[in-house]
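# Working through the structure, step by step
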Amino acid sequence: IYFNWAAPLPAALIGGDLTMAGADKIFYKGQDNRLQLWGWDNVHSVWYQDYIDDPSGPTNFKVSTAPYSITNGNNEIYYIGADGKIQKYYWSVSAMVHDYVPYTYGSSELAEGDLIIDKTNTPSTAIAYRGKDNLLQILQYSSGSYIHSWVTTSTAYISSTPGSVAGGYSGEYYFAGTDHK
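Residues numbered from 1 in each chain as written. Predicted model: local features only at pLDDT ≥ 70, side-chain atom pairs only at ≥ 80, totals over all residues. Heavy atoms only, no water.

### Re the layout of surface pockets
Just so we agree on the cut-off: The definitions used throughout rest on a 1 Å grid laid over the protein atoms alone, on which a cavity is an enclosed set of points accommodating a 1.4 Å probe that cannot get out and a pocket is an open set flanked by protein within 12 Å on both sides along at least five of seven lines; lining residues are those having an atom within 4 Å of a point. Grid points are joined across faces, edges and corners, and a volume is the space filled by probe spheres set on the points. Helix and strand assignments come from DSSP, with helices taken as H or I runs of at least 4 residues and strands as E runs of at least 2, each series counted from the N terminus. Three residue categories are used. Nonpolar comprises Ala, Val, Leu, Ile, Met, Phe, Trp, Tyr, Cys and Pro, charged comprises Asp, Glu, Lys and Arg, and polar comprises the others, including Gly.
There is about 320 Å³ of room inside the largest pocket. Contributing to the lining of the largest pocket are 17 residues, with Lys 25, Phe 27, Ile 77, Trp 91 and Met 96 lying nearest its centre. Of all the secondary structure elements, the ones that give two or more residues to the lining of the largest pocket are β2 (25–30), β4 (46–51), β6 (76–80), β7 (86–92) and β8 (95–100). The residue makeup of the lining of the largest pocket, split by class, is ten nonpolar, four polar and three charged.

Structure (structure tokens):
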């Protein structure tokens, strides 16, 4: 991999949450918590580094510091923003476009980590995550917007250990509880 040495260091270095999008794009959270990309340049046959967001844009466009805050959907990159809301970038003709997942969050519905996307449809029909209340929550796509619900209740808290949720295909989700079961 060739590094874009013109990129500002150490901000452009990998801070975590790598996810693949196709064979030639690796999205990640930089050490500055900005969404970044390693991509293959077919013209010059080299790997390059690039920022996805606008560096002068709002700080709430930055990626959450919580682990497992980035994942990919079908031609979309989803992430938990610094504000706890689910955001996404998608390719539109000539540029990546930022958008919030259309939903008005209550304070108990903000995301903390373990973001999982149902990849069976575009747009992704279900977005699951560990909420700030350590309960499994889901945003289900229906008629142009998302509807929120809790998958687990106060008797089934998710472990706060990052990576405690898995699934996303066919609507099945698995999680490690606070009792380690």
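From this point, the discussion proceeds with the structure in view.
### Looking at the side chain of Glu 109
Under the convention used in this document: Working definition: with a 1.4 Å probe on protein chains only, accessible area under 20% of the residue-type maximum means buried, over 50% means exposed, and in between means partly exposed. Only four residue types enter the tally: Lys and Arg on the positive side, Asp and Glu on the negative side; His and the chain ends are excluded. Take a side-chain nitrogen of Lys or Arg and a carboxyl oxygen of Asp or Glu: if they are within 4 Å of each other, that pair is a salt bridge. Pairs of N or O atoms within 3.5 Å make up the polar contacts considered here, provided that, within protein, one atom can donate a hydrogen while the other can accept it, and that residues adjacent in sequence are counted only when both atoms are side-chain atoms. Note on definitions: a residue-residue contact is assigned when non-hydrogen atoms from the two residues lie within 4.5 Å.
Within the secondary structure, Glu 109 is located in the loop between β8 and β9 (111–117). Despite its burial, Glu 109 pairs with no opposite charge; the closest candidate is Lys 85, at 10 Å N-O. Within polar-contact distance, the side chain of Glu 109 engages the backbone nitrogen of Gly 106 at 2.9 Å. Discounting residues that sit within four places of it in the chain, Glu 109 has contacts with Tyr 103, Thr 104, Tyr 129, Gln 137, His 148 and Trp 150.

### So, the sheet that holds β8
To summarise the sheet geometry, strands pair through backbone hydrogen bonds and adopt either a parallel or an antiparallel arrangement. For clarity, the cut-off: Two strands pair under a simple rule: DSSP has to find at least two bridges between them. Working convention: axes come from line fits to C-alpha atoms, limited for helices to the stretch in contact. Angles between N-to-C directions cover 0 to 180 degrees.
The four strands are arranged β5-β6-β7-β8 in an open sheet whose pairing can be described as antiparallel. Strand pairing shows two members of the sheet lacking a second neighbour, β5 (70–72) and β8, which therefore form its edges. Neighbour-to-neighbour, the strand axes of this sheet turn through a mean angle of 25 degrees, independent of strand direction. Alignment of β6 against β7, held across five bridges, turns out to be antiparallel. Bridging from a neighbouring strand, Ile 80 pairs with Ile 86 of β7.

### Structural notes on the nonpolar core
Basically, it comes down to this: By convention a nonpolar core is built from buried Ala, Val, Leu, Ile, Met, Phe, Trp, Tyr and Cys residues, the set being connected through side-chain atoms within 4.5 Å.
By size, the foremost hydrophobic cluster in this structure holds 13 residues, and its most contacted members are Tyr 78, Ile 86, Val 101, Ile 127 and Leu 139. With three residues, the single largest contributor to this core is β9. Residues within four places of Ile 86 in sequence aside, it is in contact with Tyr 78, Tyr 79, Ile 80, Tyr 100, Val 101, Tyr 105, Ala 111, Leu 115, Ile 127, Tyr 129 and Leu 139.

### Points about the pairing of strand β3 (residues 35–41)
Judged by how many residues are buried, β3 sits mostly within the fold: five of seven residues are covered. Pairing analysis gives five bridges linking β2 to β3, with the strands arranged antiparallel. Residue pairing for β3: Lys 25 is matched across the bridge by Gly 39. Here β2 folds back onto β3 in antiparallel fashion, the turn holding four residues, of which Asn 33 has a positive phi close to 65 degrees.

### Overview of the pairing of β8
Judged from the six bridges that link them, β7 and β8 form a sheet pairing that is antiparallel. Across the sheet, residue Tyr 89 finds its bridge partner in β8, namely His 98. Connecting the antiparallel pair β7 and β8 is a turn made up of two residues, with Val 93 showing a positive phi of about 55 degrees.

### Let's talk about unusual backbone geometry
We note that Asp 17 has phi near 55 degrees; this positive angle belongs to a residue other than glycine. On the accessibility criterion, Asp 17 (15% relative accessible area) is buried.

### Considering the pattern of salt bridges
Under the criterion given, the structure shown has six salt bridges. For Lys 29, the salt bridge is made with Asp 17, and the minimal N-O distance between the two is 3.4 Å. With Lys 29 in strand β2 and Asp 17 in strand β1 (residues 14–20), this residue pair connects regions lying twelve residues apart in the sequence. Judged by relative accessible area, which is 5%, Lys 29 ranks as buried. A salt bridge links Glu 112 to Lys 132; the nearest nitrogen and oxygen atoms lie 3.0 Å apart. On the criterion of sequence distance, the pair formed by Glu 112 in strand β9 and Lys 132 in the loop between β10 (126–131) and β11 (136–142) is long-range, its members being 20 residues apart.

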